[in-house]
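Next come the chains, spelled out residue by residue.
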Amino acid sequence: MSSPGPAGETGRLRRLARSPGPPWALTGLILLLELATPPHIVFGYLYVIPLVIGAPHRGRRDALGYLALCCGLTLVNLVVPEPDPDWRAVLVDRLLVCLALTVTTFLCLHNRHLLRQQVDLEVRLAQADLRRDMIATLAHDLKTPVLGTIATARMMELEASPSPGGLLERGLVAILASQERSLRLIEDLLRLFRADQEGLRLQPESCDLGSLAAEAIEAVGPIAREREVTLIQRQPTGPGRLNLPGDPGGLRRLLENLLLNAINHSLRGERVWVDLQRQQGQAVVTVSDRGQGFPEASLPHLFERFYQSDPEQRGSGLGLYLSRQITEAHGGRIRASNLPAGGASIEVRLPLEEPPA
């Protein structure tokens, strides 16, 4: 490899001159004290002062180079300006000084690393706050025109009296389904923002899980009909309802998210089952489909924020994350699994109301 030319060497010296290096004046003063005193008087420990002062401005390579320089100057005083006859006794003291300078250098490098990590963490937290603020602002601003479009489409549906199965009716149904899907996404973003800022707030009351499931099926019905997917609710017959203490809006949202996930993973003409059961003082909700199922590698990550098992599928990666938040806020558990015959199921276990004594 060829050596750098004069121009390159000059540029390197200029960069060194511009960069904040060690306080050379103080280093030279300490060296003069070393040379002006007998070798048994050790001033090398004073090198720790310029070493610490220049630590914030030096990288690891520069810091180790300056450490080698200080240790070399400390040891060379044994023979400069004249050799010490009893150099062995002084050598131990100067080696201890070199050890102290080495420990100080590595502590400075460690502190510099910690400071860099702290700055990076503060930057990431600031970026996260900015993203959350931006999401909340955009979601709030987008909600108004979406609600306006839904209201206009419903008014047109009432005023125009479209013929059943006609082009106008199909168009209005498609507009309503699309806008309601957008509204759900906006509400998911707002709920996510509030949960990050304030925690998930619940308004618990006695809820009938069967009624909430029927309402959720009715809410996502237009999307299911658009995909030609049939929704079937099954629950045990007999006296007694599946009552549990919870937030009706949150539980309904949970069921809607699970149904939408199953619909999005189902083929046209397929069915989605919502099974409600009572097991050992718990309400068990199982939403299953006959789609392709989840990739095995994605099962541990399904309920993480913005995670999508299949990027080509429709969705934002928020539905299952919010489902986990709502489930855990009610003291329950949620898990996903693939079915042996094909398809997937998501099971939610929620504590039921304790019967009166």
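Refer to the preceding data block for the structure.
The sections below set out a description of the structure shown in this document. (Residues numbered from 1 in each chain as written. Predicted model: local features only at pLDDT ≥ 70, side-chain atom pairs only at ≥ 80, totals over all residues. Heavy atoms only, no water.)

## Side note on the nonpolar core
Here is step 1 of the chain: Ranked by size, the top nonpolar core spans 39 residues in total, and within it L231 and L259 carry the most contacts.
Here is step 2 of the chain: Put simply, the parts of the chain that give this core at least two residues each are α7 (209–219), α8 (221–226), α9 (248–264), β4 (271–279), β5 (282–288), α10 (319–329), β6 (333–338) and β7 (344–351).
Here is step 3 of the chain: With 8 residues, the single largest contributor to this core is α9.
Here is step 4 of the chain: Membership of the second largest hydrophobic core comes to 14 residues, among which are I30, A55, Y66 and C98. (Core = buried A, V, L, I, M, F, W, Y, C linked by side-chain atoms within 4.5 Å. Buried < 20%, exposed > 50% of the residue type's maximum accessible area, 1.4 Å probe, protein only. Helix = DSSP H or I, 4+ residues; strand = E, 2+ residues; numbered from the N terminus.)

## Re the packing of helix α2 (residues 24–36) against helix α4 (residues 60–76)
Here is step 1 of the chain: Between α2 and α4, the least distance of the axes is 10 Å, while the angle of their chain directions is 20°. On the basis of their axis angle, the class for α2 and α4 is roughly parallel. Considering only the axes of α2 and α4, their crossing is right-handed. In this structure, α2 uses W24, T27, L31 and E34 to contact α4, whose residues at the interface are Y66, L69, L73 and T74.
Here is step 2 of the chain: Here the residues of the contact of α2 with α4 sort into 5 nonpolar, 2 polar and 1 charged. (Axes fitted to C-alpha atoms, helices over the stretch in contact; angles between N-to-C directions. Parallel < 35°, antiparallel > 145°, perpendicular 65-115°, else oblique. Left-handed = near helix turned anticlockwise from the far one by under 90°. Contact = heavy atoms within 4.5 Å. Nonpolar A, V, L, I, M, F, W, Y, C, P; charged D, E, K, R; others polar.)

## What to know about a nonpolar patch on the surface
Here is step 1 of the chain: On the surface, V92, L96, L99, V103 and L107 cluster together into a nonpolar patch covering about 470 Å² of accessible area.
Here is step 2 of the chain: Relative to the helices and strands, L99 resides in helix α5 (residues 87–160). (Patch = residues over 30% accessible without salt bridge, like charges linked within 9 Å, V, L, I, M, F, W, Y side chains within 5 Å. Areas by Shrake-Rupley, 256 points an atom, 1.4 Å probe, with all protein chains shown as cover. Salt bridge = Lys/Arg side-chain N within 4 Å of Asp/Glu carboxyl O.)

## Side note on the pattern of salt bridges
Here is step 1 of the chain: In total, this model carries 7 salt bridges according to the counting rule given.
Here is step 2 of the chain: Measuring nitrogen to oxygen at the nearest pair gives 2.7 Å for the salt bridge that ties E215 to R252. One end of the pair, E215, is in helix α7; the other, R252, is in helix α9, and 37 residues separate them in sequence.
Here is step 3 of the chain: Its relative accessible area of 35% is what places E215 among the partly exposed residues.
Here is step 4 of the chain: With a relative accessible area of 26%, R252 lands in the partly exposed category.
Here is step 5 of the chain: With a shortest N-O distance of 3.5 Å, E328 and R324 are connected by a salt bridge. One end of the pair is E328 and the other is R324, both in helix α10 and 4 residues apart, which spans about a single turn.
Here is step 6 of the chain: E328 gets classed as partly exposed once you look at its relative accessible area, which sits at 46%.
Here is step 7 of the chain: By relative accessible area, R324 is classed as partly exposed at 25%.

## What about unusual backbone geometry?
Here is step 1 of the chain: Phi is positive for E228, close to 60°, though the residue is something other than glycine.
Here is step 2 of the chain: Relative to the helices and strands, E228 is located in the loop between α8 and β2 (230–234).
Here is step 3 of the chain: Residue class for E228 comes out partly exposed when judged on its relative accessible area of 49%.
Here is step 4 of the chain: The backbone phi angle of Q280 is positive, close to 50°, even though this residue is not glycine.
Here is step 5 of the chain: As for its position among the elements, Q280 is in the loop between β4 and β5.

## A short note on the state of the cysteines
Here is step 1 of the chain: Evaluation of the coordinates by the stated rule reveals 0 disulfides.
Here is step 2 of the chain: Here C70 stays free of any disulfide, with the sulfur of C71 as its closest cysteine sulfur at 6.9 Å.
Here is step 3 of the chain: Take C70: its relative accessible area is 0%, and that puts it in the buried class. (Disulfide = S-S within 2.5 Å.)

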